[in-house]
Structure formats: C-alpha cells, structure tokens
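Secondary and tertiary structure notes
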Amino acid sequence: MKMIVSADENWGIGSNNQLLVRIPDDMRFFREATMGKVVVMGRKTRESLPSGILSGRENLVLTHDRQYQAGGAVVLHSLEELRDRLKQYDTDAVFVIGGESIYRQLLCLCDTVYVTKIDFAYCADTYFPNLDELPEWELVAESEEQTYFDLIYFFRKYKKKQGYKAAWEAIIK
C-alpha cells in the first residue's frame, strides 16, 4: 500500500479541511498516480472533494459514523473492515490519500510514500508525520527543484526500510 501527500516544510497538509495550496503539477502527479487505482480516505477528506468522489478510482471512505453514506464510494467503519476489503486488491494499486487521522492510522501498513514537499511554512491545522525523523523511513528519490510562481517544491519518494517492512508484514497477517 502507498500514500500520497502534499506537505509544507513543517509537514503541514491542510487548514480548515482544505489543501494548503494547489500546485498544478502536484495535482497532475496525484491524478496520474491514483487513476484506475483504489483510494482510501477519511470522511473529512471525502467531504472536501469538489464532487465528493474521485472519478476513475475506487473510493473507500473510513469513518466511525455508522450512519454515514457516501454516494459513489464504499464506506467502511473500522480498520478490520478496511483490511478485509483491501484483500481483493493488489496492494500496489492502493493509495491512502488522507486526512491526518487516516495517514497516522495506516502509515505502518504502507511501504511507499510519495510527498510533494513544499519549501514554505503555511498556517496549517493538520499534519503528516515527519518521515525524515522516523527511523523506519528513508528518502530514496527526489526531483530537481520545481517552481510554481515563487513557490519552490520537490517530488520525493520515501520507502520503508526492509527490516521494518518485514516486521510490519508479520504483524498485519
């Protein structure tokens, strides 16, 4: 399973249930990476989407609210339900797309994280874990410097280190 996120220099990812900034190349990368795949999100992330779902992808929404309904998406109410549902897919075809709570709950189950790292500090109220400070993660690829007007950003790829990956695979089976 993979994660995809856009984060500022403090690992901020959103404010008031919205992205901090919309960078066209980042949005294009997100669309290309997730198209035709399964996307896992929380209720708030689903509600922040302009159309409520991401077309061309199977949308899975994880929420504790048993009454919650999401047209065009499959609603799941626990990590166990999510794990059972994910057994029908190739794990390389599953992307966790947010928000903060979902990222934190599922990070241990992922082996790759794609980060658009923005060289600017926004006023954020939600955050992604700082992968640079977590010993189980290593930066394996980084793009050249990218710019959007005066904003500098990089496309980064993090992988879970092998020993940690094997330990988590044993736990989740």
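One can find the structure itself at the top, above this paragraph.
Because the structure is a prediction, the values reported are computed rather than measured. (Residues numbered from 1 in each chain as written. Predicted model: local features only at pLDDT ≥ 70, side-chain atom pairs only at ≥ 80, totals over all residues. Heavy atoms only, no water.)

Focus: helix α1 (residues 24–34)
Residues lying three or four places apart along an α-helix face the same way, a consequence of the helix completing one turn every 3.6 residues. Among the residues of α1, those classed as buried are Asp-26, Ala-33 and Thr-34. Within α1, the buried residues cover an arc of 85° as seen down the axis, which keeps them to one side. Those residues of α1 that are buried are in contact with β1 (2–7), β4 (38–42), β7 (94–98), β8 (112–118) and β12 (151–160). Just downstream of α1, Gly-36 is the residue with a positive phi angle, here 80°. (Buried < 20%, exposed > 50% of the residue type's maximum accessible area, 1.4 Å probe, protein only. Helix = DSSP H or I, 4+ residues; strand = E, 2+ residues; numbered from the N terminus. Arc of directions from axis to C-beta. Contact = heavy atoms within 4.5 Å.)

Describing the packing of aromatic side chains
Under the definition given, this model contains 9 aromatic pairs. Consider the rings of Phe-29 and Phe-155, whose centres lie 5.4 Å apart with planes at 45°: the pair is tilted. Of the two residues, Phe-29 sits in helix α1 while Phe-155 sits in strand β12, which places them 126 residues apart along the sequence. Centroid distance Tyr-148 to Phe-149: 4.9 Å. Interplanar angle 70°. Geometry classified as edge-to-face. Over the ring of Trp-11 we find Lys-117, and its NZ or CZ is 4.5 Å from the ring centre. (Phe/Tyr/Trp six-rings, centres within 6.5 Å; stacked < 30°, edge-to-face > 60°. Lys NZ or Arg CZ within 6 Å of the ring centre and 35° of its normal.)

Some thoughts on the pairing of strand β5 (residues 58–62)
Of all 5 residues making up β5, 4 are buried, and the element is well covered by its neighbours. In this sheet, β5 lies alongside β4 in parallel orientation, the contact comprising 5 bridges. Residue pairing across strands places Gly-42 opposite Leu-62, the latter belonging to β5. Taken together, β4, helix α2 (residues 43–48) and β5 form a β-α-β motif whose crossover is right-handed. For β5 and strand β6 (residues 74–76), the ladder comprises 3 bridges, and the chain directions are parallel. Across the sheet, the residue bridging to Leu-62 is Leu-76, located in β6. (Pairing = 2+ DSSP bridges. Right-handed = clockwise from strand over helix to strand, strands pointing away.)

Overview of the nonpolar core
Among the nonpolar cores identified, the biggest contains 28 residues, and Met-3, Val-40, Val-96, Val-113, Phe-128 and Leu-131 are the most heavily contacted of them. Sorting the residues of this core by element identifies β1, β4, β5, α3 (79–86), β7, α4 (100–106) and β8 as the ones contributing at least two each. Not counting residues within four places of it along the chain, the set of residues in contact with Val-40 comprises Leu-60, Leu-82, Leu-86, Val-94, Phe-95, Val-96, Ile-97, Gly-98, Ile-102 and Leu-106. (Core = buried A, V, L, I, M, F, W, Y, C linked by side-chain atoms within 4.5 Å.)

A short note on unusual backbone geometry
In this chain, Gly-98 is followed by Gly-99 through a cis amide linkage whose omega measures 5°. Looking at the secondary structure, you find Gly-99 in the loop between β7 and α4. For Asn-16, which is not glycine, the phi dihedral falls at a positive 55°. For Asn-16, a relative accessible area of 63% translates into the label exposed. The phi angle at Phe-149 is positive, at roughly 55°, despite the residue not being glycine. Residue classification places Phe-149 among the exposed residues on the basis of a relative accessible area of 74%.

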